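These are the residues of each chain, in order.
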Amino acid sequence: MNAKTPRIIGILALQGSFKEHADMIRKLGHDVRFVRNLEDTEGISACIVPGGESTTLMKLLKKTGLDECMKKSVADGMPIFGTCAGMIILAELGLIDIEVDRNAYGPQLSSFETKVDFRGEDFPGIFIRAPKVSKVAGGVEVLAKVDEVPVLVQQNKVLVGSFHPELTKDSRVHEFFLRNV
Ligand code: GLN
């Protein structure tokens with residue numbers, strides 16, 4: 001798409017760090033729709049599933065029917081981006097062919113900041129009780145790694161990261177996502 005064409009980007013706003021994603025999307029010149037029920041998905045061009053608490057988030061998704069809506073929209077080609085708990089959710093819904101271990105970085109390292117190798121460039125990686133990717137199927141592209149562990153991967157138009165680019169001032173990961181929109 002033309003980078004200047006504004007789109008409505010849906011941001012799941014049931015729980016977690018959705019406001020920070022909204023700031024980033026607005027900074028990049030797009031409109032934001034906070035998604036809390038099925039009606040809110042009308043007219044969105046893409047969707048972001050933020051970090052938070054994946055068990056709670058999944059319960060709320062099921063209660064609202066947004067889980068099935070998400071699956072259908074992704075099957076119809078809608079780009080979707082999940083960060084942290086969002087990564088767990090998208091893997092559990094079978095929207096990306098990876099396996100993740102929740103909170104697998106261990107208590108000492110539960111929250112940390114480190115340099116991520118994002119397509120050969122350094123990116124500031126903020127990890128908060130992050131899931132660790134333990135398996136990546138063929139067809140899943142690894143876009144960023146820390147110590148050989150994938151931390152940002154993509155399959156078709158589904159992008160997931162175990163860290164929080166929305167908590168930085170660096171918009172490169174969001175820009176990368178929006179290229180699919
Ligand atoms: N630890 C959380 C979970 O398992 C994810 C943490 C986050 O999204 N920052 O759901």
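For every chain, the first residue of its written sequence is number 1, and the numbers climb from 1 along that sequence. Restriction of local features to residues with pLDDT of at least 70 applies here, the model being predicted, together with a cutoff of 80 or more for giving and counting side-chain atom pairs; totals for whole chains, interfaces and linings are based on all residues. With hydrogens and water stripped out, all remaining heavy atoms of the structure feed into the side-chain values.

Trainee: What am I meant to see in the side chain of Gln154 here?
Mentor: Note that Gln154 resides in strand S10 (residues 149-155). For every residue, the accessible area (1.4 Å probe, protein chains only) is compared with the maximum for its type, and the residue is labelled buried under 20%, exposed over 50%, or partly exposed between those bounds. For Gln154, a relative accessible area of 10% corresponds to the buried category. Identification of polar contacts relies on pairs of N or O atoms within 3.5 Å, with a donor-acceptor requirement for protein atoms, meaning one able to donate a hydrogen and the other able to accept it, and with residues adjacent in sequence counted only if both atoms are side-chain atoms. Polar contacts involving the side chain of Gln154 include one to the side chain of Asn180, which spans 3.2 Å. Contact criterion: two residues are considered in contact whenever any of their non-hydrogen atoms come within 4.5 Å of each other. With sequence-adjacent residues up to four places away left out, Gln154 is seen in contact with Ile96, Gly139, Val140, Glu141, Leu143, Leu159, Phe176 and Asn180. The way it works is that DSSP assigns letters per residue, a run of H or I at least four long becomes a helix, a run of E at least two long becomes a strand, and they are numbered from the N terminus.

Trainee: Is there a simple way to think about the sheet that holds strand S2 (residues 31-35) in this case?
Mentor: Each strand in a sheet pairs with another by means of backbone hydrogen bonds, the pair being arranged parallel or else antiparallel. On the basis of which strands lie adjacent, the open sheet formed by 9 strands has the order S2-S1-S3-S4-S11-S10-S9-S6-S7 and mixed pairing. Looking along the sheet, the strands with just one partner apiece sit at the ends: S2 and strand S7 (121-128). Within this sheet the neighbouring strands show an average axis-to-axis angle of 25°, counted without direction. Here, a strand pair is defined by DSSP locating no fewer than two bridges between the strands. One ladder, built from 2 bridges, connects strand S6 (residues 111-118) with strand S9 (residues 141-146); its direction is antiparallel. By the bridge assignment, Phe118 is partnered in S9 with Ala144. Strand contacts of helix H1 (residues 18-27): strand S1 (8-12), S2, strand S3 (46-49) and strand S4 (80-83), with the helix running at about 160° to S2, the strand carrying the most contacts. Whenever a helix is involved, its axis is fitted only over the stretch in contact; in every case the axis is a line through C-alpha atoms, and angles between N-to-C directions fall within 0 to 180 degrees.

That's the geometry; what it means functionally is another story.
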